[in-house]
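Here's the letter readout for the chains.
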There are 4 protein chains.
Amino acid sequence: MGASSPTAITLLGQDLAEDVMGEVGFGELAFWLAAQRRPSRGETRVFEAVLAALADHGFTPTAIVTRLTYLSAPDSIQGALAAGLLGGGSRFLGVTEDTGRFLHGVLRSLGGDLPADDASWDEVALRTVRAEREAGRFVPGLGHHVHKQGDPRTPALMRIAREEDLFGPHLSLFEAVGRVHPEVLGKELPLNGAGVCGAALADLGLPIELLRGFALLARTAGLVGQLAEELREPVANDVFLSVDLNNRSVGPTPYTPDPLSP
Amino acid sequence: MGASSPTAITLLGQDLAEDVMGEVGFGELAFWLAAQRRPSRGETRVFEAVLAALADHGFTPTAIVTRLTYLSAPDSIQGALAAGLLGGGSRFLGVTEDTGRFLHGVLRSLGGDLPADDASWDEVALRTVRAEREAGRFVPGLGHHVHKQGDPRTPALMRIAREEDLFGPHLSLFEAVGRVHPEVLGKELPLNGAGVCGAALADLGLPIELLRGFALLARTAGLVGQLAEELREPVANDVFLSVDLNNRSVGPTPYTPDPLSP
Amino acid sequence: MGASSPTAITLLGQDLAEDVMGEVGFGELAFWLAAQRRPSRGETRVFEAVLAALADHGFTPTAIVTRLTYLSAPDSIQGALAAGLLGGGSRFLGVTEDTGRFLHGVLRSLGGDLPADDASWDEVALRTVRAEREAGRFVPGLGHHVHKQGDPRTPALMRIAREEDLFGPHLSLFEAVGRVHPEVLGKELPLNGAGVCGAALADLGLPIELLRGFALLARTAGLVGQLAEELREPVANDVFLSVDLNNRSVGPTPYTPDPLSP
Amino acid sequence: MGASSPTAITLLGQDLAEDVMGEVGFGELAFWLAAQRRPSRGETRVFEAVLAALADHGFTPTAIVTRLTYLSAPDSIQGALAAGLLGGGSRFLGVTEDTGRFLHGVLRSLGGDLPADDASWDEVALRTVRAEREAGRFVPGLGHHVHKQGDPRTPALMRIAREEDLFGPHLSLFEAVGRVHPEVLGKELPLNGAGVCGAALADLGLPIELLRGFALLARTAGLVGQLAEELREPVANDVFLSVDLNNRSVGPTPYTPDPLSP
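Residues numbered from 1 in each chain as written. Chains lettered and ligands numbered in written order. Predicted model: local features only at pLDDT ≥ 70, side-chain atom pairs only at ≥ 80, totals over all residues. Heavy atoms only, no water.

- Chain A appears in an unreviewed UniProt entry as citrate synthase (unknown stereospecificity) from Nocardiopsis sinuspersici.
- In the Sequence similarities (unreviewed entry) part of its UniProt record, chain A is described as follows: "Belongs to the citrate synthase family."
- Its UniProt record gives chain A a comment under Pathway (unreviewed entry), which states: "Carbohydrate metabolism; tricarboxylic acid cycle." (UniProt positions renumbered as here; feature names shortened; annotations may be inferred.)

Following this line, the structure appears as structure tokens:
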């Protein structure tokens with residue numbers, strides 16, 4: 001990573017001032033920092049497409065949290081951004097990681113014997129979806145509460161990955177899940193954008209353990225944008241006042257733990 | 001602070017298991033940890049009255065933030081609490097620190113010559129309020145957007161401090177500010193609860209630099225309470241949906257920086 | 001929770017200024033906020049003993065993080081405390097929650113038929129430890145890297161709970177685990193302090209989902225103490241310099257993902 | 001910002017899937033989100049050079065904090081990143097914002113009458129440095145504890161801004177400060193990299209209030225890189241153990257507040 005002497009600063013073994021600044025784009029640099037190898041032009045394009053897909057979704061809980069925290073503590077931009085990122089957990093931003101991890105687990109279980117055509121991928125996908133259903137689990141990346149007829153980010157990212165010759169086994173399996181799941185589940189669900197991002201990041205060879213980290217990086221850019229908008233068109237105080245007005249504190253009703261004996 | 005050997009754990013030089021657990025209350029312990037001296041029974045009572053005064057104020061931004069973060073990342077209670085605390089900055093929770101710090105600065109400027117009666121405190125307070133007004137600054141701890149006729153926490157805390165013989169120079173000066181400010185400002189404002197808490201903490205001899213820390217400790221208990229309520233009567237999802245429904249993203253209207261030349 | 005009108009502030013249905021401030025201790029209040037019922041004197045004592053047991057353990061990662069963050073951003077006490085709390089996750093502070101949750105799950109599985117004497121508790125404990133071992137899982141709350149011969153907090157908290165007649169099924173099962181596990185595991189491990197705290201909190205009838213929240217509340221008091229010490233005897237800059245000196249950035253060695261095909 | 005209907009997602013008024021993903025780089029998008037106008041190719045290059053300059057500086061407090069938090073709570077990547085960002089306050093990452101804000105204030109005070117040549121910039125700079133010195137304040141962006149003979153990022157960023165015809169009044173004034181300050185201060189200090197980044201961001205017309213936000217965005221990419229390295233070559237546990245070994249808890253020595261009277 002970074003290191004410095006009195007006269008030089010290196011980053012990733014490069015001369016920061018001469019060979020990185022002005023030469024390496026920010027998406028490219030973020031990839032490089034995480035993988036410690038410089039991505040190709042095509043890898044950078046897929047990676048930046050993922051970051052764009054995840055950067056901002058309007059008034060999500062993370063955006064509201066960043067704006068409210070800025071309202072309360074305007075002297076601490078770092079606090080407002082950090083608070084927003086803390087919402088990037090299992091429920092909202094976690095799908096990217098969950099999908100990448102899930103697909104990766106299935107692929108590893110194949111023992112190196114990866115399918116060579118769509119029909120074979122469909123077989124693997126069918127087994128996979130059946131197993132999840134039998135275990136009573138959802139398949140990560142499947143379904144979306146708004147884009148019920150299809151999430152437009154999914155075909156877009158698949159197209160970009162194909163254009164750059166980076167459509168690998170994670171995307172292949174994810175696509176096959178999209179084809180075969182109605183046969184098992186009895187209804188057609190969309191492959192969502194967060195999920196396809198996880199598949200694409202995994203196909204880029206990035207560390208599976210850090211997939212959520214890339215979603216959070218994308219979201220940081222979105223939250224800076226939310227703060228820029230809040231500065232110009234503040235809504236946080238109205239949000240606070242309307243919540244305060246429309247909610248009544250409950251209770252005090254004593255909490256009753258599970259009765260352990262009858 | 002804490003230290004341990006294979007057979008013993010000490011905290012603040014005490015045997016944790018024998019002399020602290022079951023013997024020292026939580027407010028007393030928090031005081032002890034911050035001041036590294038065991039508070040008297042009266043000091044503990046004033047300190048805990050301050051913590052009670054600051055623990056929870058209903059649907060504040062910090063409470064909303066904790067609930068929304070829990071909605072987004074229910075697997076991370078620490079994230080939900082941390083996000084809420086990050087709103088404890090200059091605007092909402094900062095008044096306690098600002099007031100204590102302000103009063104302390106005035107008292108130090110007296111060079112050891114502290115007033116001995118109300119009339120002399122009034123003189124100091126009058127000079128102080130005039131100086132702030134002339135400098136175009138607000139006097140911290142003065143005014144409240146709801147309790148315009150008086151914040152009930154202020155006389156309560158002053159009474160408790162008097163009962164425990166802990167009504168020191170910070171509270172004396174704060175009280176005098178309450179008496180004399182109408183003469184300068186032309187209107188009567190309440191001494192608010194956050195402000196009186198700052199004065200009382202300073203009179204307890206706690207570090208001025210950490211006054212905000214005590215407000216945050218109090219608020220942590222409040223936020224755990226908010227989470228307990230959210231578990232039983234969830235409102236975060238409705239808050240999110242109503243914000244999403246009632247707000248439109250603005251723009252894109254390009255940001256125009258200050259014109260530096262005509 | 002909290003609510004206010006121009007002339008009054010209520011907290012938990014009480015008049016904050018008259019009936020809470022100066023009357024309710026901080027531990028008692030924290031319990032009340034979380035359970036929405038006022039604890040008895042004995043419940044408060046056990047609860048505060050738990051908070052004391054978890055407040056501070058010296059230079060833990062959370063304490064180091066709070067001090068380093070304060071070094072970097074001294075203007076934001078809330079940021080330093082929040083950063084420290086974020087370390088309160090699965091590995092360090094999580095044992096309290098994990099143990100409470102684990103014991104609770106076992107007790108619920110008994111279908112209301114709770115053991116009436118030690119021999120019967122031992123039977124349940126034996127079954128439980130065997131099942132965990134067979135599943136290749138650790139029993140939460142068992143083992144400590146320093147207190148190998150016994151964690152002094154464990155008997156202390158058990159004694160206090162017994163004195164207050166609050167030694168319930170969670171503590172009973174935990175104690176039985178301590179008696180029987182050598183028979184299954186072939187070696188004697190201590191019941192650790194974090195674990196016994198989880199058992200005691202569960203026996204107090206507090207929400208199982210929030211047990212980590214109480215550990216975090218205790219730790220907030222400890223972190224305020226760490227900041228107080230850092231103000232007087234700063235070590236953060238030395239920590240930073242020594243880490244910087246003793247560690248070399250690695251690489252750049254390209255990350256190699258799992259090979260999925262041979 | 002972002003908005004979505006069942007069939008389309010827009011971001012900044014664009015069709016996300018068609019016109020942003022695969023078409024807009026991540027640095028370009030971050031600029032666009034913050035300024036709500038699409039940057040030119042040259043603006044993007046300068047902006048990304050700034051982000052590269054600020055992304056990672058090795059084992060800084062923020063990096064150590066992220067690694068220690070990940071050690072403690074490996075289940076919460078968002079917590080580890082948020083904790084690291086919380087160190088992005090006044091002392092370390094704040095210089096970028098402070099410098100931009102300072103230069104902007106001076107430029108605004110000129111009332112639209114901006115210098116047209118180096119000699120006139122030198123006059124403004126001389127007045128400015130003198131005024132700061134007389135007020136006993138440091139000039140932000142001047143001086144560096146390692147790069148005493150010059151920070152290599154400074155000439156690099158100035159060159160890039162000139163190449164892109166984006167060397168505006170903030171950079172001009174900053175450069176002039178570099179030329180004239182020895183005349184006032186009696187010694188030559190380097191213009192540091194964090195400072196020149198603030199000047200460049202201000203010349204790009206980005207909101208002055210958010211300059212710290214861009215430093216934090218850059219740092220988020222760096223912290224993801226730190227986590228990637230920690231996964232492969234863990235050092236956090238050794239850091240923790242060495243701090244624990246080399247530091248002794250102080251006290252308990254009672255805190256003594258300022259004596260207010262003799």
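## A word on the overall build of chain A
- Looking only at helices and strands, chain A features twelve helices and three strands.
- Taking the principal axes of its C-alpha atoms as reference, chain A extends roughly 75 × 60 × 40 Å.
- For chain A, with 262 residues in total, the buried portion stands at 64%.
- The contacts of chain A with a sequence gap of at least 6 include a subset with a gap of at least 24, amounting to 72%.
- Counting only carbon and sulfur atoms, one obtains 49% of the accessible surface of chain A, whose full area is about 9400 Å². (Helix = DSSP H or I, 4+ residues; strand = E, 2+ residues; numbered from the N terminus. Buried < 20%, exposed > 50% of the residue type's maximum accessible area, 1.4 Å probe, protein only. Contact = heavy atoms within 4.5 Å. Areas by Shrake-Rupley, 256 points an atom, 1.4 Å probe, with all protein chains shown as cover.)

## Re the relation of the copies chain B and chain D
- Aligned on chain D, chain B shows an RMSD of 0.0 Å; the corresponding rotation is 180° and the shift along the axis is 0.0 Å. The transformation just described matches what one would write down for a two-fold rotation axis. Every residue of chain B has its C-alpha some distance from the rotation axis, and the shortest such distance is that of B:Gly79, at 3.2 Å.
- Both copies present the same face, since 100% of the interface residues in chain B are matched by interface residues at the equivalent positions in chain D. (Least-squares fit on C-alpha atoms with pLDDT ≥ 70 in both.)

## Description of empty space enclosed by the protein
- With the rule as written, the count across this model stands at three cavities of 30 Å³ or more.
- In terms of residue class, the lining of the largest cavity is made up of five nonpolar, two polar and one charged. (1 Å grid on protein atoms, 1.4 Å probe; cavity = no way out; pocket = protein on both sides within 12 Å on 5 of 7 lines; lining within 4 Å. Points joined across faces, edges and corners; volume = space filled by probe spheres on them. Nonpolar A, V, L, I, M, F, W, Y, C, P; charged D, E, K, R; others polar.)

## Focus: the sheet that holds strand β3 (residues 14-15) of chain A
- With respect to topology, three strands assemble into an open sheet ordered β1-β2-β3 (chain A), the strand pairing being antiparallel. Edge positions in the sheet fall to β1 (2-4) and β3 of chain A, since each of these pairs with one other strand and no more. (Pairing = 2+ DSSP bridges.)

## Details of the confidence of the model for chain A
- Across chain A, the average pLDDT comes to 92, with 97% of residues at 70 or higher.
- Across the predicted assembly, pTM comes out at 0.95 and ipTM at 0.94. (pLDDT = per-residue confidence, 0-100.)

## Brief notes about the sheet that holds strand β1 (residues 2-4) of chain D
All names here are of chain D.
- One open sheet accounts for three strands, arranged β1-β2-β3; its pairing is antiparallel. Looking at which strands have only one partner, the edges of the open sheet turn out to be β1 and β3 (14-15).
- Pairing analysis gives three bridges linking β1 to strand β2 (residues 9-11), with the strands arranged antiparallel. In the strand pairing of β2, Ser4 is matched with Ile9.

## Things to note about the interface of chain A and chain D
- The interface of chain A with chain D comprises 75 residues on the first partner and 75 residues on the second.
- Carbon and sulfur atoms supply 70% of the area that chain A and chain D bury against each other, a total of about 6000 Å² over both sides.
- Summed over the shared surface of chain A and chain D, the result is two salt bridges.
- Between A:Arg45 and D:Glu23 there is a salt bridge, and its shortest N-O distance comes to 3.8 Å.
- For the pair chain A and chain D, the number of links is eleven residue pairs in polar contact (both at pLDDT 80 or more).
- When residues of the side of chain A that touches chain D are traced back to their parent elements, those giving at least two are β1, β2 (9-11), α1 (16-20), α2 (26-35), α3 (41-54), α5 (77-85), α8 (153-163) and α11 (211-232) of chain A.
- Here the side of chain A that touches chain D gets 17 residues from one element, more than from any other, and that element is α11(A).
- Its residues placed into classes, the side of chain A that touches chain D shows 41 nonpolar, 21 polar and 13 charged. (Buried area = accessible area lost by both parts, 1.4 Å probe. Salt bridge = Lys/Arg side-chain N within 4 Å of Asp/Glu carboxyl O. Polar contact = N/O pair within 3.5 Å; in protein donor to acceptor, adjacent residues only side chain to side chain.)

## A look at the relation of the copies chain A and chain D
- Between chain A and chain D, the superposition needs a rotation of 180° and an axial shift of 0.0 Å, giving an RMSD of 0.1 Å.
- Most of the interface of chain A is mirrored in chain D: 100% of its interface residues are interface residues there too.

## Overview of the interface of chain B and chain D
- Every contact between the two is made by 35 residues of chain B and, on the other side, 35 residues of chain D.
- Between chain B and chain D lies a buried interface of about 2600 Å² when both sides are counted; carbon and sulfur atoms form 56% of it.
- Linking chain B to chain D there are zero salt bridges.
- Taken together, chain B and chain D are joined by two residue pairs in polar contact (both at pLDDT 80 or more).
- Contributions of two or more residues to the side of chain B that touches chain D are made by α6 (94-109) and α9 (169-185) of chain B.
- Broken down by element, the residue count for the side of chain B that touches chain D peaks at three residues, all from α6(B).
- Split by residue class, the side of chain B that touches chain D holds 18 nonpolar, 13 polar and four charged.

## Observations concerning the domain arrangement of chain A
Residues and elements named next belong to chain A.
- Under the domain assignment used here, chain A contains domain 1 (26-88 + 210-238) and domain 2 (95-208).
- Computed over C-alpha atoms only, the centres of domain 1 and domain 2 are separated by 25 Å.
- Counting residues at the interface gives 18 residues for domain 1 and 21 residues for domain 2.
- Summed over both sides, the interface of domain 1 with domain 2 buries roughly 1800 Å², with 73% coming from carbon and sulfur. (Domains from an automatic or database assignment.)

## Some points on the packing of helix α6 (residues 94-109) of chain C against helix α7 (residues 118-134) of chain C
Residues and elements named next belong to chain C.
- Running from N to C, α6 and α7 point in directions that differ by 115°, and their axes come no closer than 12 Å. Seen from above, α6 lies across α7 with right-handed handedness. Touching Phe102, Val106 and Leu107 of α6 are Trp121, Val124, Thr128 and Glu132, all from α7.
- The residue inventory of the contact of α6 with α7, partitioned by class, reads five nonpolar, one polar and one charged. (Axes fitted to C-alpha atoms, helices over the stretch in contact; angles between N-to-C directions. Left-handed = near helix turned anticlockwise from the far one by under 90°.)

## A short note on helix α8 (residues 153-163) of chain D
- For α8(D), the set of buried residues is D:Arg153, D:Thr154, D:Ala156, D:Leu157, D:Met158, D:Ile160 and D:Ala161.
- For α8(D), the elements touching its buried residues are β2 and α1 of chain A together with α3 (41-54), α9 (169-185) and α10 (193-203) of chain D.
- D:Asp165 occupies a position one or two residues after α8(D) and carries a positive phi of about 60°.

## What about the packing of aromatic side chains?
Residue and element names in this part refer to chain A.
- Counted by the stated rule, this structure contains ten aromatic pairs over all chains.
- Relative to Phe47, the ring of Phe31 lies with its centre 5.4 Å away and its plane at 85°, an arrangement referred to as edge-to-face. Of this pair, Phe31 sits in helix α2 while Phe47 sits in helix α3, placing them 16 residues apart in sequence. Phe47 shares its class with Phe31; the two are buried.
- A network of ring pairs unites the aromatic residues Phe31, Phe47 and Phe214 as a single cluster.
- Just above the ring of Phe167 sits the side chain of Arg162; from NZ or CZ to the centre is 3.8 Å. (Phe/Tyr/Trp six-rings, centres within 6.5 Å; stacked < 30°, edge-to-face > 60°. Lys NZ or Arg CZ within 6 Å of the ring centre and 35° of its normal.)

## Side note on α6(B)
Residues and elements named next belong to chain B.
- For α6, spanning 16 residues, the distance from its first C-alpha to its last is 23 Å, which sits close to the expected 22 Å at 1.5 Å a residue.
- Among all positions of α6, only Gly94, Thr96, Glu97, Thr99, Gly100, Phe102, Leu103, His104, Val106 and Leu107 are buried.
- For α6, the secondary structure elements touched by its buried residues are α3 (41-54), α7 (118-134), α9, α10 (193-203) and α11 (211-232).
- Directly beyond the C-terminal end of α6, a positive phi value near 65° is found at Gly111. (Expected span 1.5 Å × (residues − 1).)

## Quick look at the pattern of salt bridges
- Considering all chains together, one arrives at 68 salt bridges over all chains under this definition.
- For D:Arg38, the salt bridge identified is with D:Glu28, shortest N-O distance 2.8 Å. Here D:Arg38, found in the loop between α2 (26-35) and α3, pairs with D:Glu28, found in helix α2; they are ten residues apart in sequence, far enough to count as distant.
- On the basis of relative accessibility, which here comes to 13%, the residue D:Glu28 falls in the buried class.
- In this structure, D:Asp118 and D:Arg179 form a salt bridge, with 3.8 Å as the shortest nitrogen-oxygen distance. Placement of D:Asp118 in helix α7 (residues 118-134) and of D:Arg179 in helix α9 is noted, with a sequence separation of 61 residues between them.
- Given a relative accessible area of 46%, D:Asp118 falls into the partly exposed group.
- The structure contains a network of salt bridges with shared partners spanning A:Glu23, D:Arg45, D:Arg159, D:Glu163 and D:Glu164.

## Section: the packing of helix α4 (residues 61-72) of chain B against α11(B)
Residue and element names in this part refer to chain B.
- Axis separation between α4 and α11 bottoms out at 10 Å; the angle between their running directions is 50°. In terms of orientation, α4 lies oblique with respect to α11. Considering the relative orientation of α4 and α11, their crossing is right-handed. Residues Thr62, Ala63, Thr66, Arg67 and Tyr70 of α4 form the contact with α11, whose participating residues are Arg219, Leu223, Gln226, Leu227, Glu229, Glu230 and Leu231.
- Of the residues that constitute the contact of α4 with α11, the class distribution is five nonpolar, three polar and four charged. (Parallel < 35°, antiparallel > 145°, perpendicular 65-115°, else oblique.)

## Focus: the environment of C:Leu206
- Tracing the chain through its elements places C:Leu206 in the loop between α10 (193-203) and α11 (211-232).
- Accessibility expressed as a relative area gives 1% for C:Leu206, which makes it buried.
- A sequence separation of 46 residues divides C:Leu206 from C:Ile160, and the C-alpha atoms of the two residues are 18 Å apart.
- If we ignore the near neighbours within four places in the chain, the residues touching C:Leu206 are A:Tyr255, C:Phe31, C:Ala34, C:Ala35, C:Phe47, C:Leu201 and C:Phe214.

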